[in-house]
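Take a look at the letters that make up each chain.
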Amino acid sequence: MLMITSEIKITETLSPTLDSREAATTLVAIIKEESKINHKIEIDFTGVVFISRSFADQFHKDLYADEEKLDLNFKKASLDIISMLRAASNAQTQRKTAVNTYKEFVFNNLSKSGDITFSW
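Structural notes, computed from the coordinates. (Residues numbered from 1 in each chain as written. Predicted model: local features only at pLDDT ≥ 70, side-chain atom pairs only at ≥ 80, totals over all residues. Heavy atoms only, no water.)

1. Side note on the pattern of salt bridges
- One pass over the full model with this rule turns up 7 salt bridges.
- Where Lys-32 meets Asp-66, a salt bridge forms, and the shortest distance between an N and an O atom there is 3.3 Å. With a gap of 34 residues between them, Lys-32 in helix 2 (residues 21–35) and Asp-66 in the loop between helix 3 (53–63) and strand 5 (71–75) connect regions that are remote in the sequence.
- Overall, Asp-66 belongs to the partly exposed group, its relative accessible area being 36%.
- The salt bridge involving Glu-33 is made with Lys-36; its shortest N-O contact spans 3.4 Å. (Salt bridge = Lys/Arg side-chain N within 4 Å of Asp/Glu carboxyl O. Helix = DSSP H or I, 4+ residues; strand = E, 2+ residues; numbered from the N terminus. Buried < 20%, exposed > 50% of the residue type's maximum accessible area, 1.4 Å probe, protein only.)

Structure representation (structure tokens):
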């Protein structure tokens with residue numbers, strides 16, 4: 001069976017600064033659509049100058065939202081881009097639900113707020 005590789009050039013669809021969750025969702029939609037045709041996909045980062053943490057987090061979350069196995073290769077991604085994607089990946093696997101408890105303070109006198117603030 002002949003294996004054809006699809007290439008997705010990010011800057012042909014998105015801006016060279018990947019800085020929004022919407023952009024990540026758009027890229028993942030393109031990847032998943034392309035994966036229906038070809039199993040091996042090359043993502044070309046030529047011209048991408050910046051990737052935000054929010055983009056990287058959403059990209060990882062959307063990419064692994066289902067059990068579908070994707071064969072992806074990242075092409076011409078800078079060390080900064082790879083580092084950000086790796087950091088988002090590590091955070092996604094280590095993230096746990098946090099339970100926060102808050103105490104409510106009510107003051108009749110504003111000067112009493114200093115007593116509580118400096119007691120921490």
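2. Some remarks on the packing of helix 2 against helix 3
- For the pair helix 2 and helix 3, the least separation of the axes is 8 Å and the interaxial angle reads 35°. The two elements helix 2 and helix 3 cross, and the hand of that crossing is right-handed. Along the contact surface, helix 2 presents Arg-21, Ala-23, Ala-24, Thr-25, Leu-27, Val-28, Ile-31 and Lys-32, while helix 3 presents Ser-54, Phe-55, Asp-57, Gln-58, Phe-59, Asp-62 and Leu-63.
- A breakdown of the residues in the contact of helix 2 with helix 3 according to their chemical character gives 8 nonpolar, 3 polar and 4 charged. (Axes fitted to C-alpha atoms, helices over the stretch in contact; angles between N-to-C directions. Left-handed = near helix turned anticlockwise from the far one by under 90°. Contact = heavy atoms within 4.5 Å. Nonpolar A, V, L, I, M, F, W, Y, C, P; charged D, E, K, R; others polar.)

3. Side note on helix 2
- The end-to-end C-alpha separation of helix 2 is 21 Å, in line with the 21 Å expected for 15 residues at 1.5 Å each.
- Looking at the buried residues of helix 2, the elements they touch are strand 1 (5–9), helix 1 (10–13), strand 3 (40–44), helix 3 and strand 5. (Expected span 1.5 Å × (residues − 1).)

4. Some remarks on the packing of aromatic side chains
- Under the criterion given, the structure shown has 3 aromatic pairs.
- Where Phe-55 meets Phe-59, the ring centres are 5.9 Å apart and the plane angle is 10°; that geometry is what we call stacked. Of this pair, Phe-55 and Phe-59 both sit in helix 3, 4 residues apart, roughly one helical turn.
- We classify Phe-55 as buried; its relative accessible area is 1%.
- Here a set of aromatic residues connected by ring pairs shows up, and it is made of Phe-45, Phe-55, Phe-59 and Phe-74. (Phe/Tyr/Trp six-rings, centres within 6.5 Å; stacked < 30°, edge-to-face > 60°.)

5. Regarding the side chain of Ser-6
- One can find Ser-6 in strand 1.
- A relative accessible area of 6% places Ser-6 in the buried class.
- In terms of polar contacts, Ser-6 uses its side chain to reach the side chain of Glu-34, at 2.7 Å.
- Look past the residues within four positions of Ser-6 in its chain and what remains in contact with it is Glu-34, Asn-38, Lys-40, Ile-41 and Glu-42. (Polar contact = N/O pair within 3.5 Å; in protein donor to acceptor, adjacent residues only side chain to side chain.)

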